[in-house]
Amino acid sequence: MPRAVPPHAEEQGALDACAVAELLEILWCSNQDTAVGPVPPSQLRALTVIEQRAGINLRDLGEALGSAPPAVSRLCDRLEAAGLLERSRGRINRREVELTLSRRGSAVLAETRALRARKAAEVLRRMSPQDRHSLAEGLAAFREAAASDVRLEGLPAGDEPLPDAG
């Protein structure tokens, strides 16, 4: 029978997760230049959703991002102007607009992920092998629990080797 986790331990775990997320944002946002320069977090979130749900329409993108239609439309205008997004008429409903990443948008996401992985690897190298293993197990469980909340089950699992981690 599993042991019950004291309520304060769950609360502390949530606080620790928030603190780590904040540190990661600081790490990742420093020198975040990509092929198109710094990409704001709101645009990266949109690109990630569009990558995972190619052909998504504006309404569904807005739901996934928790944003109102006018804001989503303006966000897509900016992404398209930067060459990161392509809009096309819907294949099923010609009145809808389908969104897909451009080749450049895919490259920016790949570059951003590689940069983030390198920065994370720098931190991981300063941890003991046992701590890295424990962290990997915990992150895998957290990712699995969170993936259904954000409906992005297709996100990279993180089981690819980190650049320069060896």
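Residues numbered from 1 in each chain as written. Predicted model: local features only at pLDDT ≥ 70, side-chain atom pairs only at ≥ 80, totals over all residues. Heavy atoms only, no water.

## A closer look at the packing of helix 2 (residues 41-52) against helix 4 (residues 69-81)
- One can describe the packing of helix 2 onto helix 4 by two numbers: an axis separation of 11 Å at closest approach and a directional angle of 85°. Taken as axis vectors, helix 2 and helix 4 run roughly perpendicular relative to one another. Each of Ser42, Gln43, Ala46 and Leu47 in helix 2 lies in contact with helix 4, whose residues at this interface are Leu75, Arg78 and Leu79. (Axes fitted to C-alpha atoms, helices over the stretch in contact; angles between N-to-C directions. Helix = DSSP H or I, 4+ residues; strand = E, 2+ residues; numbered from the N terminus. Parallel < 35°, antiparallel > 145°, perpendicular 65-115°, else oblique. Contact = heavy atoms within 4.5 Å.)

## Looking at the confidence of the model for the chain
- Counting all residues, the mean pLDDT for the chain is 82, and 81% of those residues have values of 70 or more.
- Note that pLDDT drops below 50 for residues 153-157; the model gives that stretch eleven contacts with residues more than four away or on any other chain.
- Within the model, pLDDT remains below 50 along residues 159-166, and this stretch shows eleven contacts once partners closer than five positions in the same chain are excluded. (pLDDT = per-residue confidence, 0-100.)

## So, the sheet that holds strand 1 (residues 56-57)
- The strand order across the open sheet formed by three strands is 1-3-2, and the pairing between neighbours is antiparallel. The open sheet has two edge strands, strand 1 and strand 2 (85-89), and neither has a second partner.
- Here strand 1 pairs with strand 3 (residues 97-101) via two bridges, running antiparallel. Looking across to strand 3, one finds that asparagine 57 is bridged to glutamate 98.
- Set on the sheet, helix 4 makes contact with strand 2 and strand 3; between it and strand 2 the angle comes to about 115°. (Pairing = 2+ DSSP bridges.)

## Regarding the pattern of salt bridges
- Evaluated as defined, the whole model comprises five salt bridges.
- Between glutamate 51 and arginine 113 there is a salt bridge whose closest N-O contact spans 2.8 Å. Residue glutamate 51 is located in helix 2, and its partner arginine 113 is located in helix 5 (residues 103-124); the two are separated by 62 residues in the primary sequence.
- With relative accessibility at 28%, the residue arginine 113 sits in the partly exposed group.
- One continuous salt-bridge network, built from bridges that share partners, spans Arg59, Asp60 and Glu96. (Salt bridge = Lys/Arg side-chain N within 4 Å of Asp/Glu carboxyl O. Buried < 20%, exposed > 50% of the residue type's maximum accessible area, 1.4 Å probe, protein only.)

## Some points on helix 3 (residues 58-65)
- Taking the backbone nitrogen of arginine 59 as reference, a side-chain oxygen 3.2 Å away marks asparagine 57 as the first, capping residue of helix 3.
- Looking at the residues trailing helix 3, positive phi occurs at glycine 66, about 70°. (Polar contact = N/O pair within 3.5 Å; in protein donor to acceptor, adjacent residues only side chain to side chain.)

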